[in-house]
Amino acid sequence: MTLHAGPTSQTFISQRLRLHYLDWGNRGKPPLVLVHGGRDHARSWDWVAEQLRDDWHVVALDHRGHGDSDWVSDGNYSSNDMVYDLAQLIHQLGVGPVTIVSHSMGGNVSLRYAGTFPEMVTKIVAIEGLGPSPKRQAEMRADPYPQRLNEWIGKKRAASGRSPRKYDSIEAAFARMIEENSYLTEEQARHLTVHGVNRNEDGTYSWKFDPHLNVWAVEDVADEFLYQTWAAISAPTLLLYGADSWASNPEGDGRLDHFANAEVIEFENAGHWLHHDQFDHFMATLRDFL
């Protein structure tokens, strides 16, 4: 078995931010871009990248406000800015069309990219990447918009005064990681924790992501615009769902109808992070699709 070096750390500039990505080498091979979810980081794809790096030129992005990428100065994160970042990364790589594998918030961003630049995407996988279900949207919208905006301002103000939480030891951060996702093996949780924290000057540890990422805008783009974007995706699309996740399966909630060329697969005994929870099954499914 070939012993590989790890990925190299690279940066690029997007809307004046210095963003970070990992490049797993093999530049001549077909390009594969890995796009993580909210409050996560590029290193959460390491297990996937290790298995695909011989056949693909694998690149994993750290979203703005995440991992080793810059935080935005005003603490406002919008999906469209993240679509710009992904477009900028692929543009700067100078390769394409690309294959995309994405999770959660990263799936939401990647599907918008695929509909906006259909000629730039060969195939796309999105793990629970369609955002809130129609039912959840309706629940949120049951409150009048001015009331929701008022609450958002209160939450933003609170977030502005909140420092990133400090953990006395990496063990304490690791315990929090396990609490957040009980499906993780100890090895997975340790890896995600080690790469997910920075060490502070006083010796404590804090998560790398911006605390403002806990407060999302009241409304994103209008539903009809999102549906138009999904409908514009020409690449074969694979939507993956965990049977035990809080996310709603698009086959049952009507959202699959907006895609021209999508298939849904549900994973048993898996939650929102099904690529960690059922790694071998995920890799087999991914290889079949790719």
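See the structure shown above.
Residues numbered from 1 in each chain as written. Predicted model: local features only at pLDDT ≥ 70, side-chain atom pairs only at ≥ 80, totals over all residues. Heavy atoms only, no water.

Participant: I tried to follow a nonpolar patch on the surface on my own but got confused; where do I start?
Facilitator: On the surface, Tyr145, Leu149 and Ile153 cluster together into a nonpolar patch covering about 250 Å² of accessible area. Turning to its location among the elements, Tyr145 is positioned in helix α5 (residues 145–160). Judged by its relative accessible area of 43%, Tyr145 falls in the partly exposed class. (Patch = residues over 30% accessible without salt bridge, like charges linked within 9 Å, V, L, I, M, F, W, Y side chains within 5 Å. Areas by Shrake-Rupley, 256 points an atom, 1.4 Å probe, with all protein chains shown as cover. Salt bridge = Lys/Arg side-chain N within 4 Å of Asp/Glu carboxyl O. Helix = DSSP H or I, 4+ residues; strand = E, 2+ residues; numbered from the N terminus. Buried < 20%, exposed > 50% of the residue type's maximum accessible area, 1.4 Å probe, protein only.)

Participant: Any chance you could explain the packing of helix α2 (residues 79–93) against helix α3 (residues 105–116) here in plain terms?
Facilitator: A packed helix pair is summarised by two numbers, namely the angle formed by the two axes and the spacing between the axes. With their axes 9 Å apart at the nearest point, α2 and α3 run at an angle of 65° to one another. Accordingly, the angle class assigned to the pair α2 and α3 is roughly perpendicular. Of the two possible hands of crossing, α2 and α3 adopt the one that is right-handed. In contact with Ser79, Asn80, Met82, Val83, Leu86, Ala87 and Ile90 of α2, α3 contributes Met105, Val109, Ser110, Arg112 and Tyr113. (Axes fitted to C-alpha atoms, helices over the stretch in contact; angles between N-to-C directions. Parallel < 35°, antiparallel > 145°, perpendicular 65-115°, else oblique. Left-handed = near helix turned anticlockwise from the far one by under 90°. Contact = heavy atoms within 4.5 Å.)

Participant: How should I be thinking about the packing of aromatic side chains in this particular structure?
Facilitator: The description of two aromatic rings rests on the distance between their centres and on the angle between their planes. This model, assessed by the stated rule, comprises 5 aromatic pairs. Each ring, one from Tyr167 and one from Trp207, has its centre 5.7 Å from the other, and the planes form 70°; the classification is edge-to-face. You can see Tyr167 sitting in the loop between α5 and α6 (170–180) and its partner Trp207 sitting in strand β8 (residues 205–207), a full 40 residues away along the chain. Judged on exposure class, the residue Tyr167 and its partner Trp207 are both buried. Taken together, the ring pairs connect Tyr227, Trp230 and Phe259 into an aromatic cluster. The ring of Phe289 has Lys123 sitting right over it, with the charged end atom 5.4 Å from the ring centre. Arg190 extends its terminal NZ or CZ atom over the ring of Phe174, reaching a point 4.0 Å from the ring centre. (Phe/Tyr/Trp six-rings, centres within 6.5 Å; stacked < 30°, edge-to-face > 60°. Lys NZ or Arg CZ within 6 Å of the ring centre and 35° of its normal.)

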